[in-house]
Amino acid sequence: MQLFKQQTLKISNSLSGKKDVFKPIKEGYVGMYVCGPTVYSNVHLGNCRTFMSFDMIFRYLKHLGYKVRYVRNITDAGHLENDAEDGEDKIAKKAKLEQLEPMEVVQRYTVDFHETLQQFNFLSPSIEPTATGHIIEQIEIIKEILKKGFAYVANGSVYFDVIKFNETNDYGKLSGRKLEDMIANTRALAAQDEKKSPQDFALWKKAEPQHIMRWPSPWGDGFPGWHLECTAMSTKYLGDTFDIHGGGMDLKFPHHECEIAQAEASTGHSPVNYWMHANMLTLNGKKMSKSTDNNIYPNEIFSGENSILSKPFSPSVVRFFMLQAHYTSILDLSDDALLASEKGFYRLMEGLKNLETLAAGDTTDFDIPSWEQRCYDAMNDDFNTPILISHLFEAVKHINLIKEGKENITTKDKASLQNILHTFIFDVLGLEDQQESSGNSKTLSGVVELLIQLRNNARANKDFATSDKIRDELLELGVQLKDGKDGTTFTVN
RNA sequence: GGCAUCGUGGCCGAGUGGCUAGGCACAGCUCUGCAAAAGCUUGUACAGCGGUUCGAAUCCGCUCGAUGCCUCCA
């Protein structure tokens, strides 16, 4: 069952800039941390893509037999609007706006987040820590960084000293930036007096009297900086050095760069072996963003209530659509692309159903073991789901040929094929056959079967007016009849 | 302005120094009472211009274009 001993997994590592062979720190175990959402509004589809990519990665690692501890945080405090003096906490700002308690805001959007992810069939992470639950840990790290001399206190706030850090370490190694360039290109911001250098970032911010969310600290009442929470929570649950750290591409700089700096400053060594970045989902060719309103919410897609798409699309179709692109590529959402994915997805599900009904033969005209290995090869090559899906369609093609009587499969191979397909489609890709789960299916299929019988009787009597009427009217209701070699089947759209 | 990524056939989207991606759409054929479904076949694409090479869409350079980051964002 320890497939990882047979398969060589390669991962695109943003830190090395290459595809590296994955070797966990402790054989058989993987520690993975992914930056979760800031719960100050509903998750939009762009957010979901990142979490979906890591859900797929989590699933595949588990499938390979690794014991994975997957930590995905909830940012419920400390996320500043900007680093300027008037920096305001996103949660607190929203709370004032809506006349709610900050924790009420957090609760509302955390629930929304979970509900949305559930619809997409995400697995729960092993631990889902919150920033506010780890204030003590964050203060401890700040103390440690101060002790090492890489931070300074200014007027009740604590800042990370980037220039000092860069003397002994490499600030910018993840994002490919040089500190000199950054300094040369810094825009002159007003009210930066507290910071020694504009590149310095807050570890702890002093809370102004009107600030609602505040905690006591050795430097006075305040709240932690955004970058720090991920350092605190990742190292608390995964150790000072862990295997995989993931997140959206847009967090690479400065967020992840700062995480590296904080960890190296406090512990003296690099916190993460493999940095993974999921690319953006775009809409109208532009990145989805809460602040620019260029976004679409999952529920708007499921319900069809939006101005972009011609019809509703189910969560599995959306999931399939996203998995047809590699997670490191930018993907653009469009009606045409979703329509194409929807048809493809139904074809895949249809193939799976057809497989169950195949009659077994004496031989198999389809090299299943080598095909299976190609499926693994695709996933081992940096989780290449588009290639995996193309292989799945290859299997569908064979299934249809067998159904047509043009190829054969033995009982044993049929079971094996069924097993492999189920594993990849449902366990690894996390897709769901939503027609199956749509309830009432027993009644419906009974009724349709009856109509099929009536239609076949009519056809036998050459009463094509009746048979076509049954066929066409069923189609209008969304039931498509399919005349095959061994009788008639149907699908519901 | 700086850093980075990308530019693939009608659309979406993989990939590789020389050999079929795949899905959707379109066309022809097979099957069918007719369709649909399914199967088969065809399309010969890799932004432009140079260079390296026996050979490049794949490596290098330049040009053009797009996007991301540089300020909050997955």
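Residues numbered from 1 in each chain as written. Chains lettered and ligands numbered in written order. Predicted model: local features only at pLDDT ≥ 70, side-chain atom pairs only at ≥ 80, totals over all residues. Heavy atoms only, no water.

A closer look at the overall build of chain A
- Along its length, chain A carries 16 helices and 15 strands.
- Here chain A holds 493 residues, and 53% of them are scored as buried.
- Put simply, of all contacts in chain A between residues at least 6 apart along the chain, 73% involve residues at least 24 apart.
- Element-wise, carbon and sulfur atoms account for 50% of the exposed surface of chain A, whose accessible area totals about 22,500 Å².
- Considering chain A, the positive charge centre built from 54 side chains and the negative charge centre built from 68 side chains are found 3 Å apart. (Helix = DSSP H or I, 4+ residues; strand = E, 2+ residues; numbered from the N terminus. Buried < 20%, exposed > 50% of the residue type's maximum accessible area, 1.4 Å probe, protein only. Contact = heavy atoms within 4.5 Å. Areas by Shrake-Rupley, 256 points an atom, 1.4 Å probe, with all protein chains shown as cover. Lys, Arg positive; Asp, Glu negative; His and termini not counted. Charge placed at Lys NZ, Arg CZ, Asp CG, Glu CD.)

Some points on the domain arrangement of chain A
- Taken domain by domain, chain A comprises domain 1 (3-282), domain 2 (296-428) and domain 3 (439-492).
- The centre of domain 2, based on its C-alpha atoms, is set 26 Å off from the matching centre of domain 3. (Domains from an automatic or database assignment.)

A word on the environment of L61
- Following the sequence through the fold, L61 ends up in helix α1 (residues 45-63).
- Counting along the chain gives 418 residues from L61 to V479, while the straight-line C-alpha distance between them is 39 Å.
- Dropping the residues within four chain positions of it, L61 is found in contact with L9, F22, V30, M32, Y66, V68 and I244.

Let's talk about the sheet that holds strand β13 (residues 331-333)
- What the three strands build is an open sheet, ordered β12-β11-β13; its pairing is mixed. Unpaired on one side and paired on the other, β12 (286-287) and β13 mark the two borders of the sheet.
- Of the strand pairs in this sheet, strand β11 (residues 281-283) and β12 are connected by two bridges, and their pairing is antiparallel. Looking across to β12, one finds that T282 is bridged to K287. (Pairing = 2+ DSSP bridges.)

Describing the packing of helix α7 (residues 226-238) against helix α8 (residues 252-267)
- For the pair α7 and α8, interaxial distance at closest approach is 9 Å and the crossing angle is 55°. Looking at the two axes, α7 sits oblique to α8. Considering how the two elements wind past one another, α7 and α8 form a crossing that is right-handed. Residue-level inspection shows W226, H227, L228, C230 and T231 of α7 in contact with α8, the latter providing P254, H255, C258, E259, Q262 and A263.
- Considered class by class, the residues forming the contact of α7 with α8 number six nonpolar, four polar and one charged. (Axes fitted to C-alpha atoms, helices over the stretch in contact; angles between N-to-C directions. Parallel < 35°, antiparallel > 145°, perpendicular 65-115°, else oblique. Left-handed = near helix turned anticlockwise from the far one by under 90°. Nonpolar A, V, L, I, M, F, W, Y, C, P; charged D, E, K, R; others polar.)

As for the packing of aromatic side chains
- In total, this model carries 20 aromatic pairs according to the counting rule given.
- With 4.8 Å between their ring centres and 10° between their planes, F160 and F201 make a pair best called stacked. You can see F160 sitting in strand β6 (residues 157-160) and its partner F201 sitting in the loop between α6 (179-184) and β7 (202-206), a full 41 residues away along the chain.
- Where F320 meets F393, the ring centres are 6.4 Å apart and the plane angle is 70°; that geometry is what we call edge-to-face. Here F320 is found in helix α10 (residues 315-323), whereas its partner F393 is found in helix α13 (residues 385-403), with 73 residues between them in sequence. Like F393, F320 is buried.
- Above the plane of the ring of F51 lies R72, whose end atom (NZ or CZ) is 5.6 Å from the centre.
- Just above the ring of F313 sits the side chain of K311; from NZ or CZ to the centre is 4.6 Å. (Phe/Tyr/Trp six-rings, centres within 6.5 Å; stacked < 30°, edge-to-face > 60°. Lys NZ or Arg CZ within 6 Å of the ring centre and 35° of its normal.)

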